[in-house]
Amino acid sequence: MLIGRFNDNWNKVKTKEELLEFLKEYRGILTEPMLDYLTSLIELKFSVIREYINDSDRKALAELEIYKKVAIYNIYNRAQNLFNKQNGEFIISGNNKGIEGLSVSIKLSDRNIELFDFDYEEIRPSGYNTPKVPNGFKTLNIGDISLFQTFESKELREAELNRVMEKLERLYDERNPYPSRPGVVGGSGSTWAFNHARKIQEYEERFKQLDSKKELSDEDKREIEITRQIHDLLLEDFGLTSESFVDESNQSFYNFGIEKTELKKTHVKRMPNLTITDNKKYI
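Quantities reported herein were computed from a predicted structural model and do not represent experimental measurements.

Student: Would you mind going over the packing of aromatic side chains with me for this structure?
Tutor: Think of a pair of aromatic rings as described by two things: how far the centres are apart, and how the planes are tilted against each other in angle. Following the criterion strictly, the structure yields seven aromatic pairs and no others. With centroids separated by 4.2 Å and ring planes inclined at 55°, the aromatic side chains of F46 and Y52 adopt a geometry described as tilted. Residue class for F46 comes out buried when judged on its relative accessible area of 12%. Overall, Y52 belongs to the partly exposed group, its relative accessible area being 48%. Ring centres 6.2 Å apart and planes at 50° place the aromatic pair F83 and F116 in the tilted group. Taken together, the residues span a long stretch of sequence, with F83 in helix α4 (residues 65-84) and F116 in strand β3 (residues 111-119) at a distance of 33 residues. Given the relative accessible area of 2%, F83 is considered buried. In this structure an aromatic cluster arises from ring pairing among Y37, F46 and Y52.

Okay, structure coming up:
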């Protein structure tokens with residue numbers, strides 16, 4: 001989710017007029033079919049993610065700055081138009097708030113539900129938490145798209161409950177590795193004991209929460225329905241299906257620093273200079 005990415009020199013999505021003017025510089029470089037393809041993307045006739053060109057042509061275009069700018073414009077504006085056509089009080093944050101991307105969510109009672117996120121802030125490489133590209137350098141990376149959908153799964157909830165129970169049993173059996181010293185306050189032993197007690201408390205609360213969830217609430221059902229509707233609309237617009245994604249839930253690079261859970265799955269589709277992540281949450 002995009003959070004407060006405000007910059008003095010931030011990259012605003014180019015306008016249609018700016019892109020059509022920029023495209024003129026490529027008339028002696030690109031073939032007429034490629035020029036027509038890019039023009040159609042600027043006119044928002046279809047999504048840049050759709051396979052209207054073959055992989056070799058897409059890889060060749062991905063080496064050009066014009067393709068990056070047009071792709072960002074196309075993804076940003078088609079997504080915004082899609083949400084504007086739907087009934088719902090969506091929370092849409094984008095260039096209007098100084099953000100290099102587009103983030104869409106909806107408020108349901110006591111929870112904020114993420115629906116779509118497009119981040120085109122310049123980072124390298126796509127999909128990794130690495131520093132921004134240094135000043136004076138350019139990247140042809142288009143960005144990262146995140147989709148979200150919530151499902152009901154009693155089986156996975158039970159598997160998560162078992163995982164939490166096993167974790168608690170291990171925590172209960174752990175002993176402070178640092179010897180206590182009479183008259184000494186603080187130190188490594190005290191720090192370990194504090195963190196250990198905090199972990200136990202967190203897992204006990206998590207266990208109670210899972211164990212008490214016997215039926216879905218009306219808010220749960222609403223979340224499942226809304227995320228399904230929006231997810232289906234986005235996949236249809238992109239020309240993708242669930243089979244377009246590869247399960248990377250257990251990839252170490254993707255889950256670095258994130259605790260394993262049975263209730264979240266990560267499926268990914270990688271395209272030249274663009275990564276689409278399908279985040280599946282189970283309740």
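On we go from here.
Student: Please explain the nonpolar core as it appears in this structure.
Tutor: Here is a general trend for soluble globular proteins: nonpolar side chains tend to be buried in one another's company. Counting residues in hydrophobic clusters, the biggest one holds 53 residues, and the most contacted among them are L38, F116 and I145. Elements that contribute at least two residues to this core include exactly α1 (16-23), α2 (32-42), α4, β2 (101-108), β3, β4 (143-151), α7 (218-238) and β7 (274-282). With 11 residues, α4 is the single largest residue contributor to this core. Not counting the four nearest positions on each side in its chain, I145 is found in contact with I49, I75, F116, D117, F118, F238, L274, T275, I276 and T277.

Student: How do you make sense of the confidence of the model for the protein when you look at a structure like this?
Tutor: Reading fine detail from the predicted coordinates is not recommended where pLDDT is low. Chain-level statistics for the protein give a pLDDT mean of 89 and a share of 88% at 70 or above. Within the model, the stretch residues 124-131 combines pLDDT values under 50 with 16 contacts to residues more than four positions away or in other chains.

Student: Would you take a moment to explain the pairing of β7 for this structure?
Tutor: On a regular strand, each side chain points to the face opposite its neighbour's, so the side chains alternate between the two faces of the sheet. A large share of β7 lies buried, amounting to eight of its nine residues. Bridge count for β4 against β7 is nine bridges, and the pairing is parallel. Residue D144 lies in a different strand from β7, and its bridge partner there is T275. Here strand β6 (residues 264-271) runs beside β7; their pairing, made up of eight bridges, is antiparallel.

Student: Sorry, what's going on with the environment of E100 here?
Tutor: Assignment of secondary structure puts E100 in the loop between β1 (90-93) and β2. Owing to a relative accessible area of 4%, E100 belongs among the buried residues under this scheme. For E100, the side chain forms a polar contact with the main-chain nitrogen of N11, separated by 3.0 Å.

Student: So what exactly am I meant to see when it comes to the sheet that holds strand β5 (residues 246-247) here?
Tutor: Sheet strands line up and pair through hydrogen bonds in the backbone, either parallel or antiparallel. Within the open sheet, the seven strands sit side by side as β1-β2-β3-β4-β7-β6-β5. Their pairing is mixed. Of all the strands in the sheet, the pair left with one neighbour each is β1 and β5. Taken together, the eight bridges between β2 and β3 define a ladder with antiparallel strand orientation. The residue bridging S103 from the neighbouring strand is D117, located in β3. Across the sheet, α7 touches β1, β2, β3, β4 and β7, and the angle it forms with β4 is around 140°.

Student: Looking at this model, I keep getting lost on α4. Mind explaining?
Tutor: For an α-helix, the turn length of 3.6 residues means that residues three or four places apart are oriented alike. Taking 1.5 Å of rise per residue, the 20 residues of α4 would be expected to cover 28 Å, and the 29 Å separating its terminal C-alpha atoms lies within 8% of that figure. Counted residue by residue, α4 has 15 buried out of 20 residues, so it is predominantly covered.

Student: Please explain α7 as it appears in this structure.
Tutor: Taking 1.5 Å of rise per residue, 21 residues should cover 30 Å, and α7 covers 30 Å from first to last C-alpha, within 8% of that figure. Lining the buried residues of α7 we find α4, β1, β2, β3, β4 and β7.

Student: I'm lost on the pattern of salt bridges in this one. Help?
Tutor: It is possible for side chains bearing opposite charge to pair when their charged atoms get close. The final tally for this structure, using the stated rule, is 19 salt bridges. Here the salt bridges do not stand alone but share partners, grouping D110, R111, K213, D220, E223 and K281 into one network.

Student: When you look at a negative patch on the surface in this model, what are you seeing that I'm missing?
Tutor: Side chains of E166, E169, D173 and E174 sit close together on the surface and give a patch of like negative charge. Here E169 lies in helix α5 (residues 154-173). Here E169 falls in the partly exposed class, since its relative accessible area comes to 47%.

Student: Whenever I open this one, the environment of I49 confuses me. Can you help?
Tutor: Structurally, the position occupied by I49 is in the loop between α2 and α3 (55-61). Counting along the chain gives 26 residues from I49 to I75, while the straight-line C-alpha distance between them is 8.3 Å. Not counting the four nearest positions on each side in its chain, I49 is found in contact with R58, I145, F238, L240, M271, L274 and I276.

What counts and what doesn't
- Residues take numbers from 1 onward in each chain, read along the sequence in its written order.
- Where totals are concerned, whole chains, interfaces and linings use all residues; where local detail is concerned, this predicted model gives features only for residues with pLDDT of at least 70, and gives and counts side-chain atom pairs only at 80 or more.
- Values shown for side chains rest on all heavy atoms present in the structure; no hydrogens or waters enter the calculation.
- Stacked, edge-to-face and tilted are the three classes for Phe, Tyr and Trp ring pairs, Trp counted by its six-membered ring, which pair at centre distances within 6.5 Å; planes under 30 degrees apart are stacked, over 60 edge-to-face, the rest tilted.
- Each residue's exposure class comes from its accessible area (1.4 Å probe, protein chains only) as a fraction of the maximum for that residue type: buried when under 20%, exposed when over 50%, partly exposed otherwise.
- The numbering of helices and of strands both runs from the N terminus, where a helix is a DSSP run of H or I of at least 4 residues and a strand a run of E of at least 2.
- Among buried residues, the Ala, Val, Leu, Ile, Met, Phe, Trp, Tyr and Cys ones that are joined through side-chain atoms within 4.5 Å form a nonpolar core.
- Contacts between residues were defined by any pair of non-hydrogen atoms, one from each residue, lying within 4.5 Å.
- One number per residue, pLDDT, summarises how confident the predictor is, and it ranges from 0 to 100.
- Here the rule is simple: two strands pair whenever DSSP picks up at least two bridges between them.
- Whenever two N or O atoms come within 3.5 Å, that pair is a polar contact, provided that in protein one can donate a hydrogen and the other can accept it, and provided that, for residues adjacent in sequence, both atoms are side-chain atoms.
- Note on geometry: axes are C-alpha line fits, over the in-contact stretch for helices, and angles between N-to-C directions span 0 to 180 degrees.
- Each helix should span, by expectation, one fewer than its residue count multiplied by 1.5 Å.
- Here, a salt bridge means any Lys or Arg side-chain nitrogen found within 4 Å of an Asp or Glu carboxyl oxygen.
- Patches in this entry comprise residues that are over 30% relatively accessible and not in a salt bridge; like charges within 9 Å are linked, as are nonpolar side chains (Val, Leu, Ile, Met, Phe, Trp, Tyr) within 5 Å.
- Using a 1.4 Å probe, accessible areas were evaluated by the Shrake-Rupley method; residue-level cover was limited to the displayed protein chains.
- Note that His is not counted, nor are the chain ends; the positive residues are Lys and Arg, and the negative ones are Asp and Glu.
- Charge coordinates come from a single atom per side chain, which is NZ of Lys, CZ of Arg, CG of Asp or CD of Glu.

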